[in-house]
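Each chain, letter by letter, is given below.
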Amino acid sequence: MRKFFVTGLLFLCSFIPKNNPGCNETKLYQIAKFPIGVALDPEKLMKDENYWKIAVNQFNSFTPEILLKPKFLQPSRAQFEFSEMDQLLTYCEKYNIRVHGHTLIWHKGLPAWMEKFKGSRQDWEQLMKDHIQSVIKHFKGRIKSWDVVNEAFNDDGTLRKNIWLKNIGEDYIEKAFTYATEMDKDAKLFYNDYSLEVNGPKQKAVLKYLQDLRSKGVKIDGIGMQMHVRLDYPDITEINKSARKIHEAGFLVHYSELDVSLIQKGIFTSGARALERQKERMKDIVKGYMELSEVSRFGITLWGVSDNDSWLSEQNGRARPVLFDSRYRTKPAYCGFLEGLENKPK
Ligand code: G3I
């Protein structure tokens with residue numbers, strides 16, 4: 001009877017997923033020659049042991065996932081809520097972790113009062129200036145880099161019709177960067193967007209727009225390529241070519257929101273082969289980034305600590321797009337990321 005029980009137990013155990021990612025866990029940021037970041041939820045950082053252990057052991061750059069968006073920082077006009085972020089900064093300073101500011105001007109993450117605001121062009125300019133400058137002023141010296149404008153372009157290369165474009169006009173982007181520079185001339189200022197890893201009309205338009213602004217004397221230091229990618233799209237040569245183009249144009253390159261969804265040919269996939277493919281993908285992406293010159297590498301930021309924390313999991317649990325699984329165990333993708341880092345640059 002006992003023998004039967006043990007055999008049955010062993011049989012059942014063979015169905016429990018094993019944690020055999022194919023490498024030993026180390027500290028990614030200690031291996032890398034550039035900052036390794038993660039999108040962060042401070043509440044989980046304070047409350048969840050699994051979460052904070054990974055966040056602090058693996059990463060040396062945090063991008064607050066939602067906390068620095070206007071909806072949280074300025075819930076009512078001229079009423080700023082800085083205390084939660086201040087606490088996070090104190091924590092980061094203790095552990096020597098860089099904080100990247102995301103994001104000052106976007107079409108989402110806005111408080112209701114801002115979305116409903118009625119006023120002249122001058123009133124809107126003032127509103128934007130007040131937001132940008134109050135936030136930067138408060139965090140000056142503690143947050144040294146900002147996504148000043150996020151997702152301002154459509155995929156066809158036209159400007160997105162957001163509240164800023166409608167109420168201020170096309171030069172809102174120039175104004176946003178100028179207001180930011182006025183408040184902190186030493187901060188690194190970024191334009192951040194998705195699909196910039198594809199050599200298409202959007203990338204072309206963004207690069208031209210930002211280069212034109214620069215030639216007028218506007219300070220723009222870098223470009224965030226969000227890198228929400230899939231197992232088979234975009235092709236790695238396309239990604240690498242895009243990053244090189246941005247770097248050759250003289251911008252810092254931030255892979256700012258990296259995740260690799262388990263999607264192939266447009267459909268979700270699963271199983272060991274999909275995880276292996278994800279591993280190779282991470283490795284290729286990191287290897288490609290390593291080939292950029294050292295001065296242009298602002299860092300690679302994963303958009304979520306574990307699959308459990310990813311924004312994509314909220315939409316579909318099958319995306320499983322980051323380095324740790326939903327039980328906070330290393331995945332093959334972690335090993336791929338590590339192997340990419342260990343590759344000597346050319
Ligand atoms: O915390 C509340 C929860 O209490 C409530 O029950 C629930 C109901 O909807 O909402 C929860 O808040 C959500 C929050 O994520 C935390 O999960 C917000 O509704 C939701 O809007 C918020 O979404 C964030 C989104 O930006 C908008 O700010 C995502 O986490 C975040 O990953 C996403 O990040 C963006 C980048 O900023 C820009 N690039 C694209 C990227 C993905 O959309």
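Calculation notes
- Residues numbered from 1 in each chain as written.
- Predicted model: local features only at pLDDT ≥ 70, side-chain atom pairs only at ≥ 80, totals over all residues.
- Heavy atoms only, no water.
- Near = heavy atom within 4 Å.
- Polar contact = N/O pair within 3.5 Å; in protein donor to acceptor, adjacent residues only side chain to side chain.
- Areas by Shrake-Rupley, 256 points an atom, 1.4 Å probe, with all protein chains shown as cover.
- Phe/Tyr/Trp six-rings, centres within 6.5 Å; stacked < 30°, edge-to-face > 60°.
- Buried < 20%, exposed > 50% of the residue type's maximum accessible area, 1.4 Å probe, protein only.
- Lys NZ or Arg CZ within 6 Å of the ring centre and 35° of its normal.
- Disulfide = S-S within 2.5 Å.
- Helix = DSSP H or I, 4+ residues; strand = E, 2+ residues; numbered from the N terminus.
- Salt bridge = Lys/Arg side-chain N within 4 Å of Asp/Glu carboxyl O.
- Axes fitted to C-alpha atoms, helices over the stretch in contact; angles between N-to-C directions.
- Left-handed = near helix turned anticlockwise from the far one by under 90°.
- Contact = heavy atoms within 4.5 Å.
- Nonpolar A, V, L, I, M, F, W, Y, C, P; charged D, E, K, R; others polar.

Chemist: Teacher, can you tell me more about the site of the ligand here?
Modeler: Around the ligand, the structure places 13 residues, and the nearest of them are Glu-65, Lys-69, His-102, Glu-151 and Glu-257. Side-chain polar atom of Glu-151 to a nitrogen atom of the ligand: 2.9 Å apart, as the coordinates give it. In the model, a nitrogen atom of the ligand is placed 2.7 Å from a nitrogen or oxygen of the Glu-257 side chain. When the ligand is considered free in solution it has 780 Å² of accessible area, and contact with the protein chains removes 51% of it.

Chemist: What am I meant to see in the packing of aromatic side chains here?
Modeler: The description of an aromatic ring pair uses the distance of the two centres, along with the angle that the planes make with each other. Inspection of every chain in the model, using the stated rule, returns 12 aromatic pairs. Ring plane angle 45 degrees and centroid distance 4.9 Å describe the contact between Tyr-91 and Tyr-95, whose orientation is recorded as tilted. Measuring from ring centre to ring centre gives 5.3 Å for Phe-117 and Trp-124, while their planes differ by 80 degrees; the resulting arrangement is edge-to-face. In this pair, the class of Phe-117 matches that of Trp-124, namely buried. Taken together, Phe-80, Phe-82, Phe-139 and Trp-146 form an aromatic cluster joined through their ring pairs. Across from the ring centre of Phe-298, 3.8 Å away, lies the NZ or CZ of Arg-98, which sits over that ring. Over the aromatic face of Tyr-194 sits the side chain of Lys-202, whose NZ or CZ is 3.6 Å from the ring centroid.

Chemist: Help me understand the state of the cysteines, please; the structure alone is not making it clear to me.
Modeler: One way to say it: the disulfide is the covalent bond shared by the sulfur atoms of two cysteines. This structure, assessed with the given rule, holds one disulfide. One disulfide bridge connects Cys-23 with Cys-335, the sulfur atoms lying 2.1 Å from each other. Linking Cys-23 and Cys-335, the disulfide has an S-S dihedral of approximately -80 degrees and is accordingly described as left-handed. Of the two residues, Cys-23 is situated in the loop between helix 1 (2–13) and helix 2 (28–31) and Cys-335 in helix 15 (residues 332–342); the sequence distance between them amounts to 312 residues.

Chemist: I tried to follow the pattern of salt bridges on my own but got confused; where do I start?
Modeler: Pairing between side chains of opposite charge can happen when the charged atoms of each approach one another. The full count for this structure, using the stated rule, is 20 salt bridges. Among the charged side chains, a salt-bridge network with shared partners connects Arg-121, Glu-125, Asp-171 and Lys-175.

Chemist: I keep staring at the packing of helix 8 (residues 121–139) against helix 10 (residues 172–183) and nothing clicks. Help me out?
Modeler: Contact geometry of helix 8 with helix 10 gives a least axis separation of 9 Å together with a crossing angle of 40 degrees. With respect to the hand of their crossing, helix 8 and helix 10 are arranged in right-handed fashion. Taking contact as the criterion, the partners of Arg-121, Glu-125, Met-128, Lys-129, Ile-132, Gln-133, Ile-136 and Lys-137 in helix 8 are, on helix 10, Tyr-172, Lys-175, Ala-176, Tyr-179, Ala-180, Glu-182 and Met-183. Along the lines of polarity and charge, the residues of the contact of helix 8 with helix 10 split into eight nonpolar, one polar and six charged.

Chemist: Looking at this model, I keep getting lost on the environment of Asp-232. Mind explaining?
Modeler: Along the polypeptide, Asp-232 turns up in the loop between strand 7 (228–230) and helix 12 (236–248). Along the primary structure Asp-232 and Tyr-209 are separated by 23 residues, whereas in three dimensions their C-alpha atoms are 29 Å apart. Setting aside residues up to four positions removed in sequence, Asp-232 forms contacts with Ile-263, Gln-264, Lys-265, Arg-277 and Arg-281.

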